[in-house]
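Chain by chain, the residues run as shown.
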Amino acid sequence: MKNPTIKIQETEILSDNHYVLNKVTFDYQKNDNSWISHKREVYDRGNGAAILLYNLKKKTVVLTRQFRLPTYLNGNKSGMMIEVCAGLLDQDNPEQCIIRETEEETGYQILKVKKIMETYTSPGAVTEILHLFIGEYDDTMKISEGGGLESEQENIDVIEMLFDDAYQMISNGKINDAKTIILLQYGKININL
Ligand SMILES: Nc1nc2c(ncn2[C@@H]2O[C@H](COP(=O)(O)OP(=O)(O)O[C@H]3O[C@H](CO)[C@@H](O)[C@H](O)[C@@H]3O)[C@@H](O)[C@H]2O)c(=O)[nH]1
Ligand SMILES: [Mg+2]
């Protein structure tokens, strides 16, 4: 059921060039039953999916490295980010999305994935729900270089490394992407890597 203490009054599109930035005016009923009006900017770029790709025998994971402009504009000197494979949902469901993204970005054709949780990535500002998966890969599943879609000018490096080395990179700050940290910590707790 919708929350009866919230009334959306107006949604104004501030920008809809690639994704959508809205300004939303809403009434909010406080604990003393009085109503107040709020305005909030909300960025809607759809939902996403991300996956920890791991190999139990080799005790490795497959990660990606790519330039991320927003981080470059906010303190990341090179702008390069090491992340788990991830992508935005197009028309497909989260499971189909992450299987497709895994092949496009890493070159591994995986068949089976396991959903472990959903998370809002930045609930004060962004609508996005991120669906988090884990999945096993091995060398026989590597069918292409990966690297992302030429048509979208993606330029992604594929990195295979020991799980322990990746985990260490959380402590030394070389991995500082939230979804990647969550999935590596999930791996540490739940998978024998
Ligand atoms: N032209 C244009 N292209 C854009 C714009 N913003 C993003 N793109 C392109 O849209 C594509 C999105 O690639 P995906 O692999 O589908 O998404 P992602 O960026 O990897 O998304 C993942 O990481 C995000 C950041 O952590 C997550 O927010 C997201 O849920 C997902 O996990 C990329 O080619 C990117 O360059 C834009 O403003 N203009
Ligand atoms: Mg991606």
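You'll find the structure just up there.
Quick look at the structure, then. A quick note: this is a predicted structure, and the numbers were derived from the prediction, not measured.

Quick notes on the environment of Gln-29
Inference 1: When you line up the elements, Gln-29 lands in strand β2 (residues 20-29).
Inference 2: In the structure, Gln-29 is positioned 17 residues away from Gly-46 in sequence and 28 Å away in space, judged by C-alpha atoms.
Inference 3: If sequence neighbours within four positions are ignored, Gln-29 has contacts with Thr-5, Ser-34 and Trp-35.
Inference 4: Only 3.1 Å separates the side chain of Gln-29 from the backbone oxygen of Asn-33, close enough to count as a polar contact.

Notes on the site of ligand 1
Inference 1: In the vicinity of ligand 1 there are 15 residues, among which Arg-68, Leu-88, Glu-105, Glu-128 and Lys-179 approach most closely.
Inference 2: Between His-18 and ligand 1, the recorded distance is 3.4 Å, taken from a side-chain N or O atom to a nitrogen atom.
Inference 3: A distance of 3.2 Å separates an oxygen atom of ligand 1 from a polar side-chain atom of Arg-45.
Inference 4: In isolation ligand 1 has 760 Å² of accessible area, and contact with the protein removes 67% of it.
Inference 5: Sorting the residues of the shell around ligand 1 by element identifies β7 (85-88) and α2 (94-106) as the ones contributing at least two each.
Inference 6: Element by element, the count of residues in the shell around ligand 1 is highest for β7, at three residues.
Inference 7: In terms of residue class, the shell around ligand 1 is made up of four nonpolar, three polar and eight charged.

Cut-offs applied
Residues numbered from 1 in each chain as written. Chains lettered and ligands numbered in written order. Predicted model: local features only at pLDDT ≥ 70, side-chain atom pairs only at ≥ 80, totals over all residues. Heavy atoms only, no water. Helix = DSSP H or I, 4+ residues; strand = E, 2+ residues; numbered from the N terminus. Contact = heavy atoms within 4.5 Å. Polar contact = N/O pair within 3.5 Å; in protein donor to acceptor, adjacent residues only side chain to side chain. Near = heavy atom within 4 Å. Areas by Shrake-Rupley, 256 points an atom, 1.4 Å probe, with all protein chains shown as cover. Nonpolar A, V, L, I, M, F, W, Y, C, P; charged D, E, K, R; others polar.

Just geometry here; none of it tells us what the structure is for.
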